[in-house]
There are 2 protein chains.
Amino acid sequence: MRISSRGEYGVRALFDLAQHYGEGPIPLKQIAERQDVSDHYLEQLMGALRKAGLVVSVRGAQGGYELARPPEAITIGDVIRALEGPVLTVYGAQAETERAETVDSPERLALVETWKKLSQRVNEVLDSVTLAHVCDEAARMKARDDSFMYHI
Amino acid sequence: MRISSRGEYGVRALFDLAQHYGEGPIPLKQIAERQDVSDHYLEQLMGALRKAGLVVSVRGAQGGYELARPPEAITIGDVIRALEGPVLTVYGAQAETERAETVDSPERLALVETWKKLSQRVNEVLDSVTLAHVCDEAARMKARDDSFMYHI
DNA sequence: TCCAATTCCGAGTAAATCAATCGAGATTTC
DNA sequence: GAAATCTCGATTGATTTACTCGGAATTGGA
């Protein structure tokens, strides 16, 4: 149950794009540098994010990436699901749904229902935070820093 | 963000023990058979669950495992954390907290805060379901089955 | 007292996944 | 046309996962 580097770097990258939303396409190299991620690796991730419809890309010189939707409309859950697959799937899940015979006893059904419910609620949690929220938080942090500076 | 076999099998095993709570120690072999898990593998998991204080074991003949607390007092989160480590840790988390220099910019702080908050809320979700709840669900499923049988 | 039923423990292993890296190509602006 | 970009697929080393195996220690009962 951990967030892998794909998820973490992806969120960092989209947060970066959120902070530059409206400024036109941002080249990947800039993002990679600011967020301290290998640009070759980030390339892979951006490919997945593009296919998931979270970013749009502009090729060629002066090209780059930008958010496909405003930061208010992209959630952490969107990013995680795009990069790490469905959230809180259980080990045998797809195997079991294929051969429907195994899901029959009330005990198994109860477990399946439990995982389904938990998965839904975890998704709700991850979808309750948008990129815009993270930007707000960063602004708040920055304001705190500044006021601290002022009082010295 | 998936639940590995450790988590899934562990929940199955403890659910099994919950259904036999109060009947004295249940041998691992029975659990493994009922829950369709390799007994050697389950042994490993039970070791971890014992060290986490979720089950107690009785060695020797007529021995086995039982829940250390009533099913109402053990959550899915307890099981997952015992078997898969802390929930929703992010990739670089421990590395970053060690060298405190990296966590400094308002942007990084905002991300750290975001992950912390999300992690806390995911834990709350996982802790909102107890083994007793799963047993209740199973009972409900069983009742539905029975009433279906009756109406044929 | 011995035996059968158990838990306990550590080592080993094949497969999958992860985290990158690399290189060659396609596209666009200047 | 040259430089700046994105695009795509292959490769690789490290780590994790999901087991398996063998044997030691413990206990209840015949």
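Residues numbered from 1 in each chain as written. Chains lettered and ligands numbered in written order. Predicted model: local features only at pLDDT ≥ 70, side-chain atom pairs only at ≥ 80, totals over all residues. Heavy atoms only, no water.

Caption draft 1: The arrangement of the overall build of chain A in detail. In terms of regular secondary structure, chain A is built from seven helices and three strands. By residue count, 45% of the 152 residues in chain A fall in the buried class. Put simply, 67% of the contacts in chain A that link residues at least 6 apart link residues at least 24 apart. Total accessible area computed for chain A in this model is approximately 7900 Å², and 51% of it derives from carbon and sulfur atoms. (Helix = DSSP H or I, 4+ residues; strand = E, 2+ residues; numbered from the N terminus. Buried < 20%, exposed > 50% of the residue type's maximum accessible area, 1.4 Å probe, protein only. Contact = heavy atoms within 4.5 Å. Areas by Shrake-Rupley, 256 points an atom, 1.4 Å probe, with all protein chains shown as cover.)

Caption draft 2: Up close: unusual backbone geometry. Residues and elements named next belong to chain A. Despite not being glycine, Gln62 has its phi angle at roughly 65 degrees, a positive value. As for its placement among the helices and strands, Gln62 is situated in the loop between strand E1 (55-58) and strand E2 (64-67). With a phi close to 55 degrees, Leu88 is a non-glycine residue in the positive phi region. Within the secondary structure, Leu88 is located in the loop between helix H4 (76-84) and strand E3 (89-90).

Caption draft 3: Main features of the protein's contact with DNA strand C. Near DNA strand C you find 24 residues, and of these A:Gln44, B:Leu28, B:Glu43, B:Arg50 and B:Ser57 are the closest. Counting only atoms of DNA strand C within 4 Å of the protein, the sugar-phosphate share comes to 63%. Interatomic distance of 2.8 Å between a side-chain N/O atom of B:Glu43 and a base nitrogen of DNA strand C. At 3.3 Å from a base nitrogen of DNA strand C is found a main-chain nitrogen or oxygen belonging to B:Ala61. Elements with a minimum of two residues in the surface near DNA strand C: helix H1 (5-19) and helix H3 (39-51) of chain A together with helix H3 (39-51), strand E2 (55-58) and strand E3 (64-67) of chain B. The class makeup of the residues in the surface near DNA strand C is nine nonpolar, 10 polar and five charged. (Near = heavy atom within 4 Å. Polar contact = N/O pair within 3.5 Å; in protein donor to acceptor, adjacent residues only side chain to side chain. Nonpolar A, V, L, I, M, F, W, Y, C, P; charged D, E, K, R; others polar.)

Caption draft 4: Inspection of the protein's contact with DNA strand D at higher detail. In the vicinity of DNA strand D lie 26 residues, with A:Glu43, A:Arg50, A:Ser57, B:Ser38 and B:Gln44 positioned nearest. What you see for DNA strand D is that sugar and phosphate hold 64% of its atoms within 4 Å of the protein. In this structure, A:Ser57 approaches DNA strand D through a side-chain N or O atom, which is 2.7 Å from a phosphate oxygen. In terms of residue class, the surface near DNA strand D is made up of 10 nonpolar, 11 polar and five charged.

Caption draft 5: Region of interest: the pattern of salt bridges. Residues and elements named next belong to chain A. Overall, the coordinates contain 14 salt bridges over all chains when judged by the stated rule. The partner of Glu113 in a salt bridge is Lys116, with the nearest N and O atoms 3.5 Å apart. Of this pair, Glu113 and Lys116 both sit in helix H6 (residues 106-127), three residues apart, roughly one helical turn. A residue is classified by how much of its surface remains accessible, and Glu113, at 29% relative accessible area, is partly exposed. Given a relative accessible area of 52%, Lys116 falls into the exposed group. (Salt bridge = Lys/Arg side-chain N within 4 Å of Asp/Glu carboxyl O.)

Caption draft 6: Just the interface of chain B and chain A, in detail. Facing 47 residues of chain B, the contacting portion of chain A comprises 47 residues. Interface of chain B and chain A: buried area, both sides summed, is about 4400 Å²; carbon and sulfur atoms make up 70% of it. Between chain B and chain A we count eight residue pairs in polar contact (both at pLDDT 80 or more) in total. For the side of chain B that touches chain A, the secondary structure elements donating two or more residues are strand E1 (2-3), helix H1 (5-19), helix H2 (28-35), helix H4 (76-84), helix H6 (106-127) and helix H7 (131-150) of chain B. The element that contributes the greatest number of residues to the side of chain B that touches chain A is H6(B), accounting for 14 residues. Classifying every residue of the side of chain B that touches chain A by side-chain character gives 25 nonpolar, eight polar and 14 charged. Where E3(A) and E1(B) come together, two bridges link them in parallel fashion. Along E1(B), the bridge assignment pairs A:Thr89 with B:Arg2. (Buried area = accessible area lost by both parts, 1.4 Å probe. Pairing = 2+ DSSP bridges.)

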